[in-house]
Amino acid sequence: PKLEGSDTWVSSVNWPMAIYLGVVHFLAFYALLVAVLFGGVCPIWGGGQKLKGTTWALVAVTYLIAALGITAGVHRLWAHK
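I will try to describe carefully the structure that is included in this document. Small disclaimer: the values here were computed from a predicted structure and weren't measured.

**Points about the layout of surface pockets**
Any empty space left between the atoms is revealed when a probe the size of a water molecule rolls over them. Space inside the largest pocket adds up to approximately 230 Å³. What lines the largest pocket is A28, A31, L32, V34, A35, L51, T55, W56 and V59. The set of elements that each furnish at least two residues to the lining of the largest pocket consists of α1 (15-37) and α2 (53-79). For the lining of the largest pocket, the element with the most residues is α1, which contributes 5 residues. For the lining of the largest pocket, the class distribution of residues is 8 nonpolar, 1 polar and no charged.

Next comes the structure, spelled out in structure tokens:
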């Protein structure tokens, strides 16, 4: 489908950002599979070592900070127009 002011939709895509988002989401999905299916032992880079408790704590803290950032960003976008 054509967009206004553009020859094709392909030319209107920000390809570096699209590739970055695709890679980040792929790696996040891979990490989830490693955690759930392989018990925290990465079959490629893990070297047979399980994830430590401190790693899980860092995951939890990072998740909470990211969730807070998304919530604050959406609030700013929608509430302060």
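**Re the packing of aromatic side chains**
Each aromatic ring pair is summarised here by two numbers: the centre-to-centre distance and the angle between the ring planes. Scanning all chains against the criterion turns up 1 aromatic pair. Taking the centre distance of 6.2 Å and the plane angle of 80° together, the rings of Y30 and W45 count as edge-to-face. With Y30 in helix α1 and W45 in the loop between α1 and α2, this pair connects stretches of sequence that are 15 residues apart. Assessed through its relative accessible area of 66%, W45 is described here as exposed.

Rules used throughout
- Residues numbered from 1 in each chain as written.
- Predicted model: local features only at pLDDT ≥ 70, side-chain atom pairs only at ≥ 80, totals over all residues.
- Heavy atoms only, no water.
- 1 Å grid on protein atoms, 1.4 Å probe; cavity = no way out; pocket = protein on both sides within 12 Å on 5 of 7 lines; lining within 4 Å.
- Points joined across faces, edges and corners; volume = space filled by probe spheres on them.
- Helix = DSSP H or I, 4+ residues; strand = E, 2+ residues; numbered from the N terminus.
- Nonpolar A, V, L, I, M, F, W, Y, C, P; charged D, E, K, R; others polar.
- Phe/Tyr/Trp six-rings, centres within 6.5 Å; stacked < 30°, edge-to-face > 60°.
- Buried < 20%, exposed > 50% of the residue type's maximum accessible area, 1.4 Å probe, protein only.

This is a description of form; function is not addressed.
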